[in-house]
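Notes for the structure review
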Amino acid sequence: MFRLATDNNDVEILRQIFRLSIQKLAPSLYSHEQVIAWSDFANNIIKFQDYILGADTYVLENSQQIIGFCGFHYDGHIASFYVHPDFTRQGYGTKLLNYVLDKAIQKGIKRFYAEASFFSQPVFSRCGFDIVEIETVKYGEVPFDRYKMEKVIRN
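Read on for an overview of the structure. (Residues numbered from 1 in each chain as written. Predicted model: local features only at pLDDT ≥ 70, side-chain atom pairs only at ≥ 80, totals over all residues. Heavy atoms only, no water.)

**Structural notes on the overall build of the protein chain**
Helix and strand content of the protein chain: 5 helices and 7 strands. Listed N to C, the secondary structure of the protein chain is β-α-α-α-β-β-β-α-β-α-β-β in terms of helices and strands. Over its C-alpha atoms the protein chain spans a radius of gyration of 15 Å, differing by no more than 12% from the 15 Å that the globule rule assigns to 155 residues. Buried residues in the protein chain amount to 45% of all 155 residues. Considering only contacts within the protein chain whose residues lie at least 6 apart along the sequence, 59% involve residues at least 24 apart. Of the accessible surface of the protein chain, which amounts to about 8300 Å², a share of 48% is contributed by carbon and sulfur atoms. (Helix = DSSP H or I, 4+ residues; strand = E, 2+ residues; numbered from the N terminus. Rg over C-alpha atoms; globule rule 2.2 N^0.38 Å. Buried < 20%, exposed > 50% of the residue type's maximum accessible area, 1.4 Å probe, protein only. Contact = heavy atoms within 4.5 Å. Areas by Shrake-Rupley, 256 points an atom, 1.4 Å probe, with all protein chains shown as cover.)

**With respect to the nonpolar core**
In this structure, Ile78, Leu97, Phe124 and Phe129 are the most contacted members of the largest nonpolar core, which totals 24 residues. Those elements that place two or more of their residues in this core are strand 2 (56-61), strand 3 (66-72), strand 4 (78-83), helix 4 (92-106), strand 5 (111-116), helix 5 (121-126) and strand 7 (142-152). It is helix 4 that provides the largest number of residues to this core, a total of 5 residues. Ignoring sequence-local partners within four residues, the contact set of Phe129 consists of Ile78, Leu97, Leu101, Phe112, Tyr113, Ala114, Phe124, Met149, Glu150 and Lys151. In this structure, Ala5, Leu14, Ile22 and Val137 belong to the second largest nonpolar core, which totals 22 residues. (Core = buried A, V, L, I, M, F, W, Y, C linked by side-chain atoms within 4.5 Å.)

**Overview of the sheet that holds strand 2**
With antiparallel pairing, the 4 strands of this open sheet are ordered in space as 1-2-3-4. Each edge of the sheet is formed by a strand with only one pairing partner; in this case those strands are strand 1 (2-4) and strand 4. Here the strands of the sheet are splayed against their neighbours by 20° on average, with no regard to which way each runs. Examined bridge by bridge, strand 2 and strand 3 share 6 bridges and lie antiparallel to one another. Each residue of the ladder has a partner; that of Thr57, found in strand 3, is Gly71. This element, helix 1 (residues 8-25), spans strand 1, strand 2, strand 3 and strand 4 of the sheet and lies at about 100° to strand 3. (Pairing = 2+ DSSP bridges. Axes fitted to C-alpha atoms, helices over the stretch in contact; angles between N-to-C directions.)

Given below as C-alpha cells:
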C-alpha cells in the first residue's frame, strides 16, 4: 500500500529507515567515514523533517511496517529514495520509484532528475533514468561520488 508521509510519526520511522539503510547497505560500496557522514544527516531532526515533508514523499507499507519511501519536488527532482535493508532486492524499490514517477507524471511533470548512490543507481536505471555524469559532493568534509541521473517523458 502506498500513501503520503504525513506527520512526525512517519518522519521518525523514515529517519530510522534512512539511517539503517545506509548503515547496512552502504559499507559494501563506501568507506566507514562516508557511511558515518551520510547517515549523520538523520540526526538533524528539523532538516530531516523538511527533507520528508517538504516534498511529496510516499511510503510503501506492507501489513506490518513501512518498507521504504520516495519523494519528489514539482521541478522533477527525486528528493529521496530509501528501502529498509530487510526488503531490498525483492522488487520493492522498483515498485516504489515507479509509483512515485506515475504520481508526478499525473501532476504534469515530464522531466525527472536525481542524485543516485552507487547502490540506488541500478533501480533508477531500471526505471528509465540515464546517467548524465558522476559528480563528487561533500557531506561535511567527506567527499562522495554519486550519479546525476535524468529521465524525460516523451509523448
